[in-house]
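# Remarks on the overall topology
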Amino acid sequence: MRLIEGVMYRNYAPPKGADPDRITFVMVDEDKCQGCGACDEVCATGAIQSINDDGIHRIVDPVACMNCGQCLTNCPYGAISEGVSFVDELFEKLKDPDTVVVSMPAPSVRYGLGECFGAATGTYVGGKMHAALRKLGFNYIWDTEFAADLTIMEEGTELIHRVKEQGQKDARPLPQFTSCCPGWIKFAETYYPDLMPNLSSCKSPIGMLGPLCKTYGAKETGTSPKKIYTVSIMPCIAKKYEGIRPELTDSGFSDIDATINTRELAYMIKAAGIDFNNLPDEDPDPVLGESTGAATIFGNSGGVMEAALRLAYEELSGEKLKNPEIKVVRTHEGINTADIKVPNFGVVKVAVASGLKNAAKLCDEVRAGKSPYHFIEIMTCPGGCVNGGGQPLDPEIQASLFRSTVAQINKRFRVRKIKA
Amino acid sequence: MKMKRRSFLKACGVMTGYAVLSMNIATEAIASVMSFVGLRQKSVYAADANSKIYKYRKSQNNPMIAKIYNKKNGFLHDGPCGHKSHELLHTHYIDRSAKLSALKGKGYKFNF
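Residues numbered from 1 in each chain as written. Chains lettered and ligands numbered in written order. Predicted model: local features only at pLDDT ≥ 70, side-chain atom pairs only at ≥ 80, totals over all residues. Heavy atoms only, no water.

## Quick word on the overall build of chain B
Our working definition: Secondary structure counts use DSSP, requiring at least four H or I residues in a row for a helix and at least two E residues in a row for a strand, with both numbered from the N terminus. All accessible areas in this document rest on Shrake-Rupley with a 1.4 Å probe, and a residue is counted as covered only by the protein chains that are shown.
Each helix and strand in chain B was counted, giving five helices and zero strands. Put simply, chain B runs from its N terminus to its C terminus through helices and strands in the order α-α-α-α-α. For chain B, the exposed area adds up to about 7200 Å²; of that, 60% sits on carbon and sulfur atoms.

Right under this line is the structure:
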């Protein structure tokens, strides 16, 4: 075990071919758990449960856990840790001259990483992040944001196809659900498998960038794909599950070799002795690096929707969208719905759900055949990836010793009540 | 130190206050997370609107997207949702409900 940015990590990189359903990505240290129940409050599926009279919690089984890590980021005692970490393996690969290591950072990483180096909450550090990756020894600084743009092209086109084929034989159903969030995808596969035909068949941005690195990227740079080691850098714990999905081998190799999160990247930068705050702003490498504002808003709940609408509006109407800001779909919490009027087409009905409890409400509607929407975006983490389980922790939650003490007193009261 | 009746009662009052206050500790924690998240969200939208960070704001305007989908010699020349796209960029899903049912069969309860 090792402490990384306030979270304990087990040094365990799953071997190739491991079954992700059997791996514990999020786990509770039962000695540190005080039974306050903060994790219960934020777990949508109920996978984390009280296992005895003292209220000590445990994740009952990895099958029921979506690996979102909201329990981890909301635990005031630091009692929840991560079960998978590729950090040691990655340090080895970075040293190996025969391995071409490719970085693939997600949009939200650049809005959280700075916090580990003393910057204010949410500070954008994209340029410094690219520079740090270069300093760490990554051979190519490619960016998941490029793949987010690609996802919009694929997923937006799929939506337009689905809308047009309604009424035909073998038409794919509406609404179409987004497929970028790995917690949500596992949730749909586990709790709502009957809705799988409604899921967009598009891989998530990282699911697209992995195979592109080993095919297109390899071709463009004249690199042997065999030597390429792709590193997904995410604000997320569930992406570690996605990274080892056995079906993601379309490049002929494992598409994603390693997945780390924002906290682990900060740890690596610190361990390498890089002076992060004084780094210059650098750009990613071209071809698989350039991105747009539509890609960066993937980090917020409602962002994939807004980015997709910026494409769908122009494709469906044949007109230019003058102001790209579609603020009605921006979501801080809960469920947000909107009717988007598209000239020469009609109304596109959309819904955005932040958090799986809200997602379930929309899923129940679809299941009952009562959903009026064309397109539904779902993010497992409240607020979106910027609040992912792999992001730097909110100092407020663990800092207040006073509040923890109060919780402890409260716990004693409750224990007494149970025994009486 | 001997405690007087009055100060004992006062201490009891304070303790009760803390105990009642802490009933909402989890809700409070979540509320503070949302303001924290709000700051990050704001920063994301600011970057999107900042032409010094992002020259383009629509995916279809990304020159590297135009390059990869170029009809003549692009890597994905048959366009979005084309043949090559389906090979590399699309996937299928796996019904995992049986594993959950097995757990429920053992007596575990979940929310859905």
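Okay, back to it.
## Quick word on the sheet that holds strand β8 (residues 140-141) of chain A
All names here are of chain A. What counts, and what does not: DSSP-based pairing: two strands are paired if at least 2 bridges between them are found. Contacts between residues were defined by any pair of non-hydrogen atoms, one from each residue, lying within 4.5 Å. Axis geometry follows a simple rule: fit a line to the C-alpha atoms, using only the stretch in contact for helices, then measure angles between N-to-C directions, giving values from 0 to 180 degrees.
Read across the open sheet, the four strands follow the order β8-β7-β10-β11; overall the sheet is parallel. Single-partner strands in this sheet number two, and they are β8 and β11 (258-261). In this sheet, β8 lies alongside strand β7 (residues 100-105) in parallel orientation, the contact comprising two bridges. Across the sheet, Val 102 pairs through a bridge with Tyr 140, a residue of β8. Against the sheet, helix α7 (residues 205-221) makes contact with β7, β8 and β10 (228-234), and its axis sits at roughly 145° relative to β10, the strand it touches most.

## Brief notes about helix α4 (residues 126-136) of chain A
Residues and elements named next belong to chain A. Under the convention used in this document: Relative accessibility decides the category of a residue: with a 1.4 Å probe and only protein chains considered, values under 20% of the type maximum give buried, values over 50% give exposed, and everything between is partly exposed.
Of all 11 residues in α4, eight are buried; the element is thus mostly enclosed. Buried within α4 we find Gly 126, Gly 127, Met 129, His 130, Ala 131, Ala 132, Leu 133 and Leu 136. Taken together, the buried residues of α4 touch α3 (87-95), β7, β8, β10 and α9 (262-271). Backbone geometry just after α4 places Gly 137 at a positive phi near 110°.

## Points about the interface of chain A and chain B
Rules: Buried area: the accessible surface (1.4 Å probe) lost by two parts on joining, summed over both. Any Lys or Arg side-chain nitrogen found within 4 Å of a carboxyl oxygen on Asp or Glu counts as a salt bridge.
With 104 residues of chain A at the interface, the matching set in chain B holds 64 residues. Regarding the contact of chain A and chain B, the summed buried area is about 7400 Å², with carbon and sulfur atoms giving 62% of it. For the chain A face of the interface with chain B, the top three residues by lost area are Glu 154, Tyr 216 and His 332 of chain A, together amounting to 8%. In this structure, the connection of chain A to chain B is made through eight salt bridges. A salt bridge links Glu 325 of chain A to Arg 57 of chain B; the shortest N-O distance between them is 3.0 Å.

## A look at unusual backbone geometry
Residue and element names in this part refer to chain A. Here Leu 174 and Pro 175 are connected by a cis peptide whose omega angle stands at -5°. Tracing the chain through its elements places Pro 175 in the loop between α5 (144-164) and β9 (176-177). Despite not being glycine, Asn 67 shows a phi value in the positive range, around 60°. Locating Asn 67 in the fold gives a position in the loop between β5 (57-59) and α2 (70-74). Classification of Asn 67 by relative accessible area gives buried; the value is 2%. Even without a glycine there, the phi angle at Asn 344 is positive, about 65°. Take Asn 344: it is sitting in the loop between β12 (334-342) and β13 (346-354).

Function cannot be read off these values alone, since they describe shape.
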